[in-house]
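Residue strings, one per chain:
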Amino acid sequence: MSTTSMAGRRDSNSRVTKVLDKVRETRLWLLLSLLLVTMSATRIVTGADDLTSAGTLQAALISSVPIALAGLGGLWSERAGVVNIGLEGMMILGTLGAGYFAYHYGVWAGLLGGMLLGAFGGVLHAVATVVFGVDHIVSGVAVNIIAAGSAGFLAELLFSGLEGGGPTQSPSLPKPPTITLPGISDAARDIADQGWFLVSDLAALVASLTTRMSVVTLLAIALFLATAFLLWRTSFGLRLRSCGENPQAAETLGVNVYLYKFVAVTVSGVLAGLGGAYLAMVASSGYSNGQTLGLGYIGLAAMIFGNWRPGGLFLGALLFGYTYAARLRSGGESVHALLLIAALALLVVAVWQLSRRSWVGGSVAGVIGLAALWWFTATDEVSSYFTEMTPYVATLVVLTVAAQSLRMPAADGRPYRRGTAG
Amino acid sequence: MSRARRLGLVLVAPALALLVAGVVTTVVLLLAGDDVGAFWDVMFTAPAARNLSNIVNNAVVLYLSGMAAAIGFRMNLFNIGVEGQYAVATFTAALFAAQAWLPGVVNTLATLVVAMAAGAAWAGIAAVLKVTRGVSEVISTIMLNAIAVSLVAYLLRTTGERQQQTIETRPIPKDSWVGGVDVFSGSTTPVHGLAVLALLVGIATWFVLGWTRFGFDLRATGQSESAAVASGVNVKKMVLASLLLSGAVAGLIGMPNLLGVSHNFGTTLQVGIGFTGIAVALLGRNHPLGVAFGALIFAWLNEQSNPLGILAGISNDIIFITQGVVVLSVVIAYAVVQRYERRMEQRHVMAALERAGLAEEARA
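Rules behind the numbers
Residues numbered from 1 in each chain as written. Chains lettered and ligands numbered in written order. Predicted model: local features only at pLDDT ≥ 70, side-chain atom pairs only at ≥ 80, totals over all residues. Heavy atoms only, no water. Helix = DSSP H or I, 4+ residues; strand = E, 2+ residues; numbered from the N terminus. Rg over C-alpha atoms; globule rule 2.2 N^0.38 Å. Buried < 20%, exposed > 50% of the residue type's maximum accessible area, 1.4 Å probe, protein only. Areas by Shrake-Rupley, 256 points an atom, 1.4 Å probe, with all protein chains shown as cover. Contact = heavy atoms within 4.5 Å. Lys, Arg positive; Asp, Glu negative; His and termini not counted. Charge placed at Lys NZ, Arg CZ, Asp CG, Glu CD. Axes fitted to C-alpha atoms, helices over the stretch in contact; angles between N-to-C directions. Left-handed = near helix turned anticlockwise from the far one by under 90°. Nonpolar A, V, L, I, M, F, W, Y, C, P; charged D, E, K, R; others polar. Phe/Tyr/Trp six-rings, centres within 6.5 Å; stacked < 30°, edge-to-face > 60°. Lys NZ or Arg CZ within 6 Å of the ring centre and 35° of its normal. Patch = residues over 30% accessible without salt bridge, like charges linked within 9 Å, V, L, I, M, F, W, Y side chains within 5 Å. Salt bridge = Lys/Arg side-chain N within 4 Å of Asp/Glu carboxyl O. Domains from an automatic or database assignment. Buried area = accessible area lost by both parts, 1.4 Å probe. Polar contact = N/O pair within 3.5 Å; in protein donor to acceptor, adjacent residues only side chain to side chain. Expected span 1.5 Å × (residues − 1). pLDDT = per-residue confidence, 0-100. Core = buried A, V, L, I, M, F, W, Y, C linked by side-chain atoms within 4.5 Å.

### Observations regarding the overall build of chain B
- In terms of helices and strands, chain B carries 16 helices and two strands.
- In terms of overall dimensions, chain B is globule-like: its C-alpha atoms have a radius of gyration of 23 Å, near the 21 Å expected for 364 residues.
- Across its three principal directions, the C-alpha atoms of chain B cover 80 × 55 × 35 Å.
- The buried share among the 364 residues of chain B stands at 51%.
- By element, 65% of the accessible surface of chain B is carried by carbon and sulfur atoms, the whole surface being about 16700 Å².

Written as structure tokens, this is what we have:
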């Protein structure tokens, strides 16, 4: 094949990709606007004002960031072909690292300390899975056990004697700086309080983004952009992803698969550790035992929800973070209102499926939709026990509906040994 | 390779893992500035009769949890949801037994069946999602664990009765209790009567997995799905069956305590048993005998570490580090042993070919 035709093909390929990207982007914006309109309408109809209040949206962002960072860690690791359910453990180590280093050496040391201990969890997982070829799930479970045990042991050792600390929690930690845009923040807040359709909801969104925005949140967003660039626009990223798609082929092209996998899993630990540090320093006032509450697993779910891509993962994290926040802020009422949205969405799906003559899927969606509608009309509030379940049920539903269209890296979770390319 | 040699290799891995765990624990204690000598003294003090009872009771529970996980593992299914299945099943069983629809022992037996059914049903959700929609059981069982916790808490609040501080289900009638057995003389706590469940589950699993067509199909699917499909195994059916079985065994985890000690479901549900069970299964290489060994070791560590705080001034959380390191190093050791075994086998075959003068052809 001549070089010119190769270049020509690459050109047309990249043109197709560009068009596809454009289509995807337009669809995304359409969906987001539709979501905003629906939420606003639901707020007006049900009177659940906290559904889109600036406070809820801000809380949603704060709950989303740890999920997003854990998910981003998962993305790095799984794109290189290593399944990582040890994220939860790496996050736990991150909370502890942040607790110790932030207390003794200040804010930035706290963030670094969280990343450092997270990286330790990552290296542990990498040694087991990459060097010794241990099953990825098994190693992940072991990492989680070790991390939870170490955190419990070290917390008692490190925080027991300190003022305000105890065997299961650190003293309160210094908070990373926040940014408020004075003029915009106040104006947006005023408009948000008016309760106008759509305008106030948008204003609340602006207010939540311009008021006391933590720099760590901005850092997290920057890390997303950096990851998207590094993994999809550089040769380093191409090689890393090739380890997750076809390590044997990568090996024949001279890629040091072990090294790439090792780096990816370690970075994964760093990111999950930062997520843990965020939990301890931004989302709450200090370290406490069992602080992660399974958020590492939720991050993993967000990554799958996002089809192993940074954009989708980010949206998934926002969605899960929102359900977390909604249950904390007048949870019963807000989740009750969300029930209406879910019911209507399911009924739309049902009609759409039935019109495509997909009888089974259509009727299942229809029945559940009607049940949800009945639940909405028959009650005034959803019990807090059910609001607790929302993120998990949402994950299950999304996986059930979308599992067929998700595509994970082809060699994800498969053991790889050097020299097997033949 | 000779049988004795193979057995030796199987035993080398856990021995190595325990050694590594001991070393790591010692190093951690040294770094923390704790009294290492006192630690080992406490851990290896001869247990009193009461402690022995506790160890056996704890081991029974861990064994059931470990076997639940092991049944899935044998088929390469990762049932991370033992924890949730156990919570749902224990609650359902407590509710059922308290109704006393059946008399005495019949009620006890029916309760065991209900517990198994409830555990299987909760695992069944993950199984159905996997075979119909291709949802990974790892993620779905993790989600179902979290859902189970909230669901059980909700149901307990709506059906339970308020005691002073807690909410509990109605007590089970006395004639359906399963009393303890005084195995160790002088012990104030008896051994669970339902410890026999562990024995039954162990024997049944050993028989079904090792000596029946179903067990063969299950193990075959676990080792090579394509080979199993080629020999006519219906993989979807096997996934469904093994997850349901795994859930059923998980349902039994809470029974020795429910029917023998607590007699109702309150806030005393032990958390984390499902995850420890996974560790125990890995330590025992998913074999009924190996898991028993793993359960005993973990139970020993749990019981012996209790007085660490008082006697040696060491947080007994250290034991979770030990347990975690045991698991990680045992799976690494198994992986290394497996590689070694394979290399030995290859060498063996080459040697045999060489003797037959076929080596050149084999290489070509």
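Here the narrative resumes.
### Side note on the overall build of chain A
- Regarding its fold elements, chain A presents 16 helices and two strands.
- In terms of overall size, chain A behaves like a compact globule, its C-alpha atoms giving a radius of gyration of 23 Å where 422 residues would be expected to give roughly 22 Å.
- Within the span of chain A, comprising 422 residues, buried residues form 48% of the whole.
- In chain A, of all internal contacts separated by at least 6 residues, the share reaching a separation of at least 24 is 78%.
- Taken as a whole, chain A presents about 19000 Å² of accessible surface, with 67% of it coming from carbon and sulfur.
- Positive and negative charge centroids in chain A, built from 25 and 21 side chains respectively, lie 17 Å apart.

### Here we look at the packing of helix α4 (residues 82-99) of chain B against helix α5 (residues 104-133) of chain B
Residue and element names in this part refer to chain B.
- Where α4 meets α5, the axes come as close as 8 Å, and the angle between the chain directions of the two elements is 145°. Note that α4 runs across α5; the crossing there is right-handed. Contacts between α4 and α5 involve Gly84, Gln85, Val88, Ala89, Thr92, Ala93, Phe96 and Ala97 from the first element and Asn107, Ala110, Thr111, Val114, Ala115, Ala118, Gly119, Trp122 and Ala123 from the second.
- A breakdown of the residues in the contact of α4 with α5 according to their chemical character gives 11 nonpolar, six polar and no charged.

### Observations regarding the packing of aromatic side chains
- If you walk through the whole model with that rule in mind, you get 14 aromatic pairs over all chains.
- Aromatic pair Phe159(A) and Tyr287(A): ring centres 5.7 Å apart, planes at 40°, arrangement tilted. Residue Phe159(A) is located in helix α5 (residues 136-159), and its partner Tyr287(A) is located in the loop between α11 (257-283) and α12 (295-305); the two are separated by 128 residues in the primary sequence. Considered together, Phe159(A) and Tyr287(A) belong to a single accessibility category, that of buried residues.
- Plain terms: the ring middles of Phe39(B) and Trp40(B) are 4.9 Å apart, the flat faces sit at 80° to each other, and that makes the pair edge-to-face.
- Given the relative accessible area of 1%, Phe39(B) is considered buried.
- Among the aromatic residues, those joined into a cluster by ring pairs are Trp76(A), Phe236(A) and Tyr260(A).
- Lying across the ring of Trp352(A), Arg356(A) places its NZ or CZ 4.9 Å from the centre.

### Quick word on the environment of Leu61(A)
Residues and elements named next belong to chain A.
- In this fold, Leu61 is placed in helix α2 (residues 54-79).
- Along the chain, Leu61 and Ala325 lie 264 residues apart, while their C-alpha atoms are 8.4 Å from each other.
- In this structure, Leu61 is in contact with Leu209, Met213, Thr217 and Leu318, ignoring residues within four places of it in sequence.

### Concerning a nonpolar patch on the surface
Residue and element names in this part refer to chain A.
- Residues Ile179, Leu181, Ile184, Val206, Leu218, Ile221 and Leu225 make up a contiguous nonpolar surface patch of about 570 Å² in total accessible area.
- Ranked by the residues each element gives to the nonpolar patch, the list is headed by helix α8 (residues 215-233), at three residues.
- Here Ile221 lies in helix α8.
- When its relative accessible area of 32% is taken as the criterion, Ile221 is described as partly exposed.

### A word on the domain arrangement of chain A
Residue and element names in this part refer to chain A.
- According to the domain assignment, chain A consists of domain 1 (44-329) and domain 2 (330-379 + 387-399).
- Computed over C-alpha atoms, the centres of domain 1 and domain 2 are 29 Å apart.
- Across the boundary between the two partners, domain 1 contributes 19 residues, which contact 18 residues of domain 2.
- For the pairing of domain 1 and domain 2, the buried interface totals around 1500 Å² over both sides, and the portion due to carbon and sulfur atoms is 74%.
- Scanning the region where domain 1 abuts domain 2 turns up zero residue pairs in polar contact (both at pLDDT 80 or more).
- Taken together, the elements giving at least two residues each to the side of domain 1 that touches domain 2 come down to α12 and α13 (310-328).
- Split by residue class, the side of domain 1 that touches domain 2 holds 12 nonpolar, three polar and four charged.

### Some thoughts on a negative patch on the surface
- On the surface, Asp49(A), Glu333(A), Asp380(A) and Glu381(A) cluster together to form a negatively charged patch.
- Relative to the helices and strands, Asp380(A) resides in the loop between α15 (359-378) and α16 (384-402).

### Focus: the domain arrangement of chain B
Residues and elements named next belong to chain B.
- Segmentation of chain B into domains returns domain 1 (1-42 + 307-351) and domain 2 (50-289).
- Between domain 1 and domain 2, the C-alpha centre-to-centre distance is 27 Å.
- Summed over both sides, the interface between domain 1 and domain 2 buries roughly 610 Å², with carbon and sulfur atoms accounting for 70% of that surface.
- In this assembly, domain 1 and domain 2 are joined by zero salt bridges.
- Among the elements that make up the side of domain 1 that touches domain 2, the one with the highest residue count is helix α15 (residues 318-355) (five residues).
- Looking at the side of domain 1 that touches domain 2, its residues break down into six nonpolar, no polar and no charged.

### Structural notes on helix α1 (residues 3-32) of chain B
Residue and element names in this part refer to chain B.
- Between its terminal C-alpha atoms α1 stretches 44 Å, which fits the 44 Å expected from 30 residues at 1.5 Å a residue.
- For α1, the set of buried residues is Leu9, Ala13, Pro14, Ala17, Ala21, Gly22, Thr25 and Leu29.
- At the exit of α1 stands Gly33, carrying a positive phi of roughly 75°.

### Quick look at the confidence of the model for chain A
- Across chain A, pLDDT averages 86, with 95% of residues at or above 70.
- In the predicted structure, residues 1-7 of chain A sits below a pLDDT of 50 and forms two contacts with residues beyond four places in sequence or in another chain.

### Some points on unusual backbone geometry
- The residue Trp308(A) is not glycine, and still its phi comes out positive at about 55°.
- The class of Trp308(A) is buried, set by a relative accessible area of 6%.

### Digging into the nonpolar core
- One finds Ile80(B), Met255(B) and Phe298(B) to be the most contacted residues of the largest nonpolar core, which totals 155 residues.
- Per-element accounting of this core gives the leading share, 14 residues, to α15(B).
- One finds Met39(A), Ala203(A), Ala204(A) and Ala207(A) within the second-largest nonpolar core, a separate group that totals 17 residues.

### Some words on the pattern of salt bridges
- The tally for this structure, following the rule as stated, stands at four salt bridges over all chains.
- The partner of Arg79(A) in a salt bridge is Glu245(A), with the nearest N and O atoms 3.5 Å apart. With a gap of 166 residues between them, Arg79(A) in helix α2 and Glu245(A) in helix α9 (residues 235-245) connect regions that are remote in the sequence.
- On the basis of relative accessible area, Arg79(A) is assigned to the buried category, the value being 6%.
- On the accessibility criterion, Glu245(A) (25% relative accessible area) is partly exposed.
- Across the pair Asp217(B) and Arg213(B) runs a salt bridge whose closest N-O atoms are separated by 3.6 Å. Here Asp217(B) pairs with Arg213(B), and both are found in helix α8 (residues 213-223), just four residues apart, close to one helical turn.
- Residue classification places Asp217(B) among the buried positions, given a relative accessible area of 12%.
- A relative accessible area of 61% means that Arg213(B) is categorised as exposed.

### With respect to helix α11 (residues 255-262) of chain B
- Among all positions in α11(B), only Met255(B), Pro256(B), Leu258(B) and Leu259(B) are buried.
- Lining the buried residues of α11(B) we find α3 (49-73), α4, α5, α7 (195-211) and α10 (235-252) of chain B.

### Looking at the side chain of Asn57(B)
- Structurally, Asn57(B) is set in helix α3.
- Other than its neighbours up to four places away in sequence, Asn57(B) contacts Pro190(B), Val191(B) and His192(B).

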